Amino acid sequence: MGDRTFVVIAAYNEQEMIGQVVRSVVPLAGRVVVVDDGSGDESAQRAFEAGATVLSHPLNLGQGAALQTGIEYALRNGAEHIVTFDADGQHAPSDIGGALEALQRAEVDVLLGSRFLGRAIDMPAAKRVVLRLAVAFTRMTTGLKLTDTHNGFRVMTRSAAERIKLRQNRMSHASDLLSQIAQLKLRYAEYPVEVRYTEYSRRKGQPLTAAFHILVDSAVGRMLK
Amino acid sequence: MTIKIILTLLLGTLALYAARNMRGALAPIALLFIAASLVGVFFVWNPQAANNVAGLVGIGRGADLIFYFGFIFGLFSIFVLHLRIALLNRQLTLLARHIALNGAREHPPTSPSPPEGTPHAPAC
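What counts, and at which threshold
- Residues numbered from 1 in each chain as written.
- Chains lettered and ligands numbered in written order.
- Predicted model: local features only at pLDDT ≥ 70, side-chain atom pairs only at ≥ 80, totals over all residues.
- Helix = DSSP H or I, 4+ residues; strand = E, 2+ residues; numbered from the N terminus.
- Buried ≥ 20, exposed ≤ 12 C-beta atoms within 10 Å, placed from the backbone.
- Contact = placed C-beta atoms within 7 Å.
- Pairing = 2+ DSSP bridges.
- Axes fitted to C-alpha atoms, helices over the stretch in contact; angles between N-to-C directions.
- Parallel < 35°, antiparallel > 145°, perpendicular 65-115°, else oblique.
- Nonpolar A, V, L, I, M, F, W, Y, C, P; charged D, E, K, R; others polar.
- Core = buried A, V, L, I, M, F, W, Y, C linked by C-beta atoms within 7 Å.
- Expected span 1.5 Å × (residues − 1).
- pLDDT = per-residue confidence, 0-100.

1. Structural notes on the overall build of chain B
Then step 1. From N to C terminus, chain B includes 4 helices and 0 strands.
Then step 2. For chain B, the sequential pattern of α-helices and β-strands runs α-α-α-α.
Then step 3. Here chain B, with 124 residues, has 13% of them falling under the buried criterion.
Then step 4. Within chain B, residue pairs in contact and separated by at least 24 positions form 26% of the contacts whose partners lie at least 6 positions apart.

2. A few points about the overall build of chain A
Then step 1. Tallying secondary structure elements over chain A gives 9 helices and 7 strands in all.
Then step 2. For chain A, buried positions account for 55% of its 225 residues.
Then step 3. Long-range pairs, those at least 24 residues apart, make up 77% of the contacts in chain A with a sequence separation of at least 6.

3. Let's talk about the sheet that holds strand S5 (residues 110-121) of chain A
Residues and elements named next belong to chain A.
Then step 1. With mixed pairing, the 7 strands of this open sheet are ordered in space as S3-S2-S1-S4-S6-S5-S7. Of all strands in the sheet, those bounded by a partner on one side alone are strand S3 (53-57) and strand S7 (188-196). Strand-to-strand twist of the sheet, defined as the mean angle between neighbouring strand axes without regard to direction, takes the value 20 degrees.
Then step 2. Alignment of strand S1 (residues 5-11) against strand S2 (residues 31-37), held across 6 bridges, turns out to be parallel. Residue pairing across strands places Ala-11 opposite Asp-36, the latter belonging to S2.
Then step 3. Across the sheet, helix H1 (residues 18-25) touches S1, S2 and strand S4 (81-85), and the angle it forms with S2 is around 160 degrees.
Then step 4. Relative to S1, helix H3 (residues 63-76) is tilted by about 155 degrees, and along the sheet it contacts S1, S2, S3 and S4.

4. Section: the packing of helix H3 (residues 47-56) of chain B against helix H4 (residues 62-102) of chain B
Residues and elements named next belong to chain B.
Then step 1. Two elements in contact, H3 and H4, have axes whose closest approach is 7 Å; the angle formed by their N-to-C orientations is 75 degrees. Here H3 lies roughly perpendicular to H4, going by the angle between them. Where H3 abuts H4, its residues Pro-47, Ala-50, Asn-51, Val-53 and Ala-54 lie against Gly-62, Asp-64, Leu-65 and Ile-66.
Then step 2. Of the residues contributing to the contact of H3 with H4, the split by class is 6 nonpolar, 2 polar and 1 charged.

5. Description of the nonpolar core
Then step 1. Residues Val8(A), Val33(A) and Val34(A) are the most contacted members of the largest nonpolar core, which totals 68 residues.
Then step 2. With residues near it in sequence (within four places) discarded, Val8(A) still touches Val33(A), Val35(A), Leu67(A), Gly70(A), Ile71(A), Ala74(A), Ile82(A), Val83(A) and Thr84(A).

6. Overview of H3(A)
Residue and element names in this part refer to chain A.
Then step 1. For H3, with 14 residues, the first-to-last C-alpha span of 20 Å sits near the 20 Å given by 1.5 Å per residue.
Then step 2. Among the 14 residues that make up H3, 12 are buried, leaving the element largely enclosed by the rest of the structure.
Then step 3. Within H3, burial applies to Gln-63, Gly-64, Ala-65, Ala-66, Leu-67, Gln-68, Thr-69, Gly-70, Ile-71, Glu-72, Tyr-73 and Ala-74.

7. What about helix H7 (residues 173-183) of chain A?
Then step 1. The buried fraction of H7(A) is high, at 8 of 11 residues.
Then step 2. Directly after H7(A), the chain includes Lys185(A), whose backbone phi takes a positive value near 55 degrees.

8. Examining the pairing of S5(A)
Then step 1. The pairing of S5(A) with strand S6 (residues 154-157) of chain A spans 3 bridges and is antiparallel. By the bridge assignment, Leu112(A) is partnered in S6(A) with Arg154(A).

9. Side note on the confidence of the model for chain B
Residue and element names in this part refer to chain B.
Then step 1. On average, residues of chain B score 85 in pLDDT, and 86% of them are at 70 or above.
Then step 2. Looking over chain B, one finds the lowest element-wise mean pLDDT in H3, namely 89, and the highest in helix H1 (residues 2-20), namely 93.
Then step 3. Note on residues 115-124: pLDDT under 50 across the span, and 30 contacts to partners over four residues away in sequence or across chains.
Then step 4. In the predicted complex, the global pTM is 0.78; the interface-specific ipTM is 0.83.

10. What to know about the environment of Leu95(B)
Then step 1. When you line up the elements, Leu95(B) lands in helix H4.
Then step 2. It is 39 Å that separates the C-alpha atoms of Leu95(B) and Leu38(B), two residues lying 57 residues apart in sequence.

11. Focus on unusual backbone geometry
All names here are of chain A.
Then step 1. With a phi close to 50 degrees, Asn-13 is a non-glycine residue in the positive phi region.
Then step 2. You can see Asn-13 is positioned in the loop between S1 and H1.
Then step 3. The phi angle at Lys-185 is positive, at roughly 55 degrees, despite the residue not being glycine.
Then step 4. Secondary-structure assignment places Lys-185 in the loop between H7 and S7.

What follows is the structure in structure tokens.
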């Protein structure tokens, strides 16, 4: 971990939590970059006051687009390692240090957080089922043997971030990322992380019907490649 | 007779609109719309011709033939529009990203503290 570690957080109407999340991460990273994805609230200001560099999309494009914007900013500013982290406080900041060390020790390009190897606290049963189905689907379509496919906690090296281009603007970016890891033959490993489901994160999270939209977006995205 | 005139005017307007927009990547689509409109006008004034063509492909009535083709054409149009919107969305994304990157409100880099706790081993 060092000054050239950038933590990228995509935020959309997260004024309730973003300040707290940024403050918890600032001491652990060289730079915290919050991409405010066209929020209609005070998310950008609160993230800035908490110590983040803030980039603002003039309109809401989706989490995938926001992460790609943050990753491009990090690359332009000399990032060696990029961590993606959720804005709703689901992830544990204490996982960042260990994940960075694990990435270097395992000599991989991308480290993917797994709540199923780590801890999923208060996870709704229906969410667990959908995530398990997503794991099976990913294994079928990409061949990647993972235990968790839609976890926002990831660490990547500079060279991996330069090669990966998230083209799916919305939640399908998680599947898009995994497809690219497979296509680009990047070295990857999973890392046990803690994901805590709070009343707030459930309210902000994706409805289960999002799985259908992800499938449609992925199909259209492949046609446009 | 009145409905024939109304349909001709509608289809003619569609053909004219497509002709005015026959540029660049949209040209093949515009051409398709013009052709479909002209065929439509022909069948409006020659319904027997529609019956004959329908008979050739094993459909009972000309009206059914037009309905089937209209349905397929409608679906195709929705599909093309969907792809077009997705393409525009990509361009919009690049524009928004450019604006965001140029307007960054920067905080100076911080010096991170050492990691807390014992690191976990990666699980491949």
